[in-house]
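Below are the chains, spelled out letter by letter.
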Amino acid sequence: MLIRRETTADHDRVDAVHRAAFAAQAPGAEPLEVGLVRLLRGDAGWNPALSLVAEDAAGSVVGHVICTVGSLDVGRAVGLGPIGVTPQQQGSGVGAALMHAVLGAADALDFDVVVLLGHLDYYPRFGFVAARTINIAPPDPGWGDHFQARPLGRWTPGVGGQFRYAAPFERL
């Protein structure tokens, strides 16, 4: 498997990854993640270095992750998501490889923290904690501990405040 930056030639394949990965959540309809990724690419918060694909040995794109710049009262933050892996590859380490790569990329770009809304049993293995425990408030207080944050190398206790995702998330 190869983790690399997404290119424009990958757009249709990335759509297919998210379509397959989230099909069960939207039976008979286009999963919102497909359109969200398209919108995020056109947003000011999009950074090509934080949109990665996983390619298998045959050259097929089997996973994708994207982070976009959000706003935080103090510090530099990105919001992670969506992340998707084709059903045939789920459980094989593709998602973990994408997570490690995008966290490393965000750290190398001098962000303080990565945030996401996600499952409490999955993301802590990558160092995510309830965002409230490090003074970061979610856009929606109802998200509770599902709104998680992963401090990076530049993070200090002074980083925090209200987080806002890139504009396309506001349209969901």
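Rules of the game
Residues numbered from 1 in each chain as written. Predicted model: local features only at pLDDT ≥ 70, side-chain atom pairs only at ≥ 80, totals over all residues. Heavy atoms only, no water. Helix = DSSP H or I, 4+ residues; strand = E, 2+ residues; numbered from the N terminus. Rg over C-alpha atoms; globule rule 2.2 N^0.38 Å. Buried < 20%, exposed > 50% of the residue type's maximum accessible area, 1.4 Å probe, protein only. Contact = heavy atoms within 4.5 Å. Areas by Shrake-Rupley, 256 points an atom, 1.4 Å probe, with all protein chains shown as cover. Lys, Arg positive; Asp, Glu negative; His and termini not counted. Charge placed at Lys NZ, Arg CZ, Asp CG, Glu CD. Arc of directions from axis to C-beta.

Student: I would appreciate a short explanation of the overall build of the protein in the present structure.
Tutor: Within the protein, the regular secondary structure consists of four helices and nine strands. In sequence order, the secondary structure elements of the protein are arranged as β-α-α-β-β-β-α-β-β-β-β-β-α. By the compact-globule yardstick of 16 Å for 172 residues, the protein fits well, its C-alpha radius of gyration being 15 Å. In terms of principal-axis extent, the alpha carbons of the protein reach across some 45 × 30 × 30 Å. Counting across all 172 residues of the protein, residues that qualify as buried make up 46%. Contacts spanning at least 24 positions in sequence make up 66% of the contacts within the protein whose residues lie at least 6 apart. Surface exposure of the protein reaches about 8,000 Å², of which carbon and sulfur atoms provide 54%. Each charge class in the protein can be summarised by its mean position, and for the 13 positive and 17 negative side chains these summaries are 2 Å apart.

Student: It is not clear to me how helix α1 (residues 11-21) should be interpreted in this structure. Could you clarify?
Tutor: Note that an α-helix has 3.6 residues per turn; residues three or four places apart therefore point the same way. All of the buried residues along α1 are Val14, Asp15, Val17 and His18. The arc that holds every buried residue of α1, seen down its axis, measures 160°, which confines them to one face. Elements that come into contact with the buried residues of α1 comprise α2 (32-41), β2 (46-55), β3 (61-74) and β4 (77-85).

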